[in-house]
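Commentary on secondary and tertiary structure
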Amino acid sequence: MVIDRKWDRLTALLREMKLAVIAYSGGVDSSVLLKAAAGAMGPHLIAVTAVSETYPPDELAPAREFALSLGVSHRVLPTEELTSEEFIRNSPERCYFCKRELFIKLKQIADAEGIPFILDGSNVDDLKDLRPGRRAAQELSVRSPLVEAGLSKAEVRALARRLDLPMWDKPSLACLSSRIPYGTRITLHILNRVRNAEDAVRGFGFRQVRVRHHGDTARIEVTREDFSRLLSGDVASAIVQALKELGYTYVCLDLAGYRTGSMNEGMGRPKVAGSKQ
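On a predicted model such as this, the values are computed, not experimentally measured, just so you know.

1. Comments concerning helix α2 (residues 28–41)
- With 14 residues, α2 extends 20 Å between its outermost C-alpha atoms, agreeing within 8% with the 20 Å of an ideal straight helix rising 1.5 Å per residue.
- A large share of α2 lies buried, amounting to eleven of its 14 residues.
- Those residues of α2 not exposed but buried are Val-28, Asp-29, Ser-30, Ser-31, Val-32, Leu-33, Leu-34, Ala-36, Ala-37, Ala-38 and Met-41.
- Positioned one or two residues after α2, Gly-42 has a phi angle of 60°, which is positive.

2. Thoughts on the sheet that holds strand β2 (residues 45–51)
- Across the sheet, which stays open at both edges, the four strands sit in the order β3-β2-β1-β4 with parallel pairing between neighbours. Taken across any chain shown, the strands that pair with only one partner, and hence form the sheet edges, are β3 (73–78) and β4 (118–119).
- As paired elements, strand β1 (residues 20–23) and β4 share two bridges and run parallel to each other. Bridge pairing in β4 places Ile-22 opposite Leu-119.
- Taken strand by strand, helix α3 (residues 60–69) contacts β2 and β3, and its axis lies near 155° from that of β3.

3. Focus on the confidence of the model for the protein
- Per-residue confidence for the protein gives a mean pLDDT of 92; residues scoring 70 or more make up 96%.
- Of the regions scoring below 50 in pLDDT, residues 269–277 engages in twelve contacts with residues more than four places distant in sequence or in other chains.

4. Thoughts on the environment of Ser-172
- Tracing the chain through its elements places Ser-172 in the loop between α8 (153–162) and α9 (188–202).
- Note on Ser-172: relative accessible area 18%, which makes it buried.
- Separated by 145 residues in sequence, Ser-172 and Gly-27 have C-alpha atoms that sit 7.2 Å apart.
- If sequence neighbours within four positions are ignored, Ser-172 has contacts with Lys-153, Arg-157, Gln-208, Arg-210 and Tyr-258.

5. With respect to the packing of aromatic side chains
- Enumeration over the complete set of coordinates arrives at two aromatic pairs.
- Ring centres of Tyr-24 and Phe-66 lie 6.3 Å apart, and the angle between their planes is 35°; this geometry places the pair in the tilted category. Taken together, the residues Tyr-24 in the loop between β1 and α2 and Phe-66 in helix α3 connect sequence positions 42 residues apart. The pair Tyr-24 / Phe-66 is uniform in exposure class, with both members buried.
- Both rings, one in Tyr-96 and one in Phe-97, keep their centres 5.3 Å apart while their planes meet at 75°; by these two values the pair is edge-to-face.
- Residue classification places Tyr-96 among the buried residues on the basis of a relative accessible area of 10%.
- Taking NZ or CZ as reference, Arg-135 lies 3.9 Å from the ring centre of Tyr-96, over its face.
- Over the aromatic face of Phe-206 sits the side chain of Arg-229, whose NZ or CZ is 4.1 Å from the ring centroid.

6. Looking at α8
- Of the residues making up α8, those classed as buried are Glu-155, Val-156, Leu-159 and Ala-160. With its buried residues spanning 140° around the axis, α8 presents them on a single face. Seen from the open side of α8, the exposed residues pointing more than 90 degrees away from its buried face are Ala-154 and Arg-161.
- Where α8 is buried, its residues contact α1 (2–17), α2 and α7 (145–148).

7. Focus on the sheet that holds strand β6 (residues 217–221)
- Spatially, three strands are ordered β5-β6-β7 in an open sheet, and the strand pairing comes out mixed. Of all strands in the sheet, those bounded by a partner on one side alone are β5 (210–214) and β7 (250–253). Pairwise comparison of adjacent strand axes, ignoring direction, gives a mean angle of 25° for this sheet.
- Pairing between β5 and β6: five bridges, direction antiparallel. Paired with His-214 across the two strands is Thr-217, which belongs to β6.
- In this fold helix α11 (residues 233–245) packs onto β5, β6 and β7, with an angle of close to 135° to the strand it touches most, β6.

8. A word on the nonpolar core
- With 31 residues, the main nonpolar core has Leu-10, Leu-14, Tyr-24, Leu-34 and Leu-45 as its most contacted residues.
- The set of elements that each furnish at least two residues to this core consists of α1, β1, α2, β2, α3 and α8.
- Residue contributions to this core peak at eight residues, all from α2.
- Dropping the residues within four chain positions of it, Leu-14 is found in contact with Leu-33, Ala-36, Ala-37, Ala-40, Met-41, Leu-119 and Pro-145.

Rules used in this analysis
- Residues numbered from 1 in each chain as written.
- Predicted model: local features only at pLDDT ≥ 70, side-chain atom pairs only at ≥ 80, totals over all residues.
- Heavy atoms only, no water.
- Helix = DSSP H or I, 4+ residues; strand = E, 2+ residues; numbered from the N terminus.
- Expected span 1.5 Å × (residues − 1).
- Buried < 20%, exposed > 50% of the residue type's maximum accessible area, 1.4 Å probe, protein only.
- Pairing = 2+ DSSP bridges.
- Contact = heavy atoms within 4.5 Å.
- Axes fitted to C-alpha atoms, helices over the stretch in contact; angles between N-to-C directions.
- pLDDT = per-residue confidence, 0-100.
- Phe/Tyr/Trp six-rings, centres within 6.5 Å; stacked < 30°, edge-to-face > 60°.
- Lys NZ or Arg CZ within 6 Å of the ring centre and 35° of its normal.
- Arc of directions from axis to C-beta.
- Core = buried A, V, L, I, M, F, W, Y, C linked by side-chain atoms within 4.5 Å.

Below, the structure written as structure tokens:
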């Protein structure tokens, strides 16, 4: 099968590297990468999980638990995006500044340990969206083995299920700053409001949720399969009430449904080789 050949390619790449520091978020992509690397590199591997106000704090414990279950050395790396004016002014290049800070700190760890490679969990689908962080990865020679092996998001998730990883069906996560329109300054207050709003919606049983912040309006994204349940009278009323208590005046449902990178819409997409655009 194609996916088997890609898995073999992934593990072969990792065996060739022998030593690596992995940017490990605890999501499906980086978990599959970590699982493969643990098998290929054994103890010659360090998984690093970044923590800051831009990510939900409850992601750290399961990430640490999974890394330790593989016998991998795990470190927690505080990052300080909100001290960077380049980050908080929230231009379309925001992700570049965030990833550059992360990769510089990972390089410091790698250099101190004498490790030649820094890896991240990007997959080939990430190449189709506006991802300034990819430029930071290229500048600092960060490799993306899932991309090199040709693995898509669907294939990564299929591998996670086959490998019986606990997070195989975990909803996609992203930096909370991605809920804020470009040009709106990022503040801790807005990040906390978005996080609390998404927690409130998830509290009604919705797994894949985004609450996009547009000033006094909260734009909710859930999968289209969840529309009817969200719009049922009691649920809709309760969600509206919860989000209004957080300070939103208007609460709306995006009829396009959940999709990654919706704040990039209208900005153009990078051309993909072989695609017809």
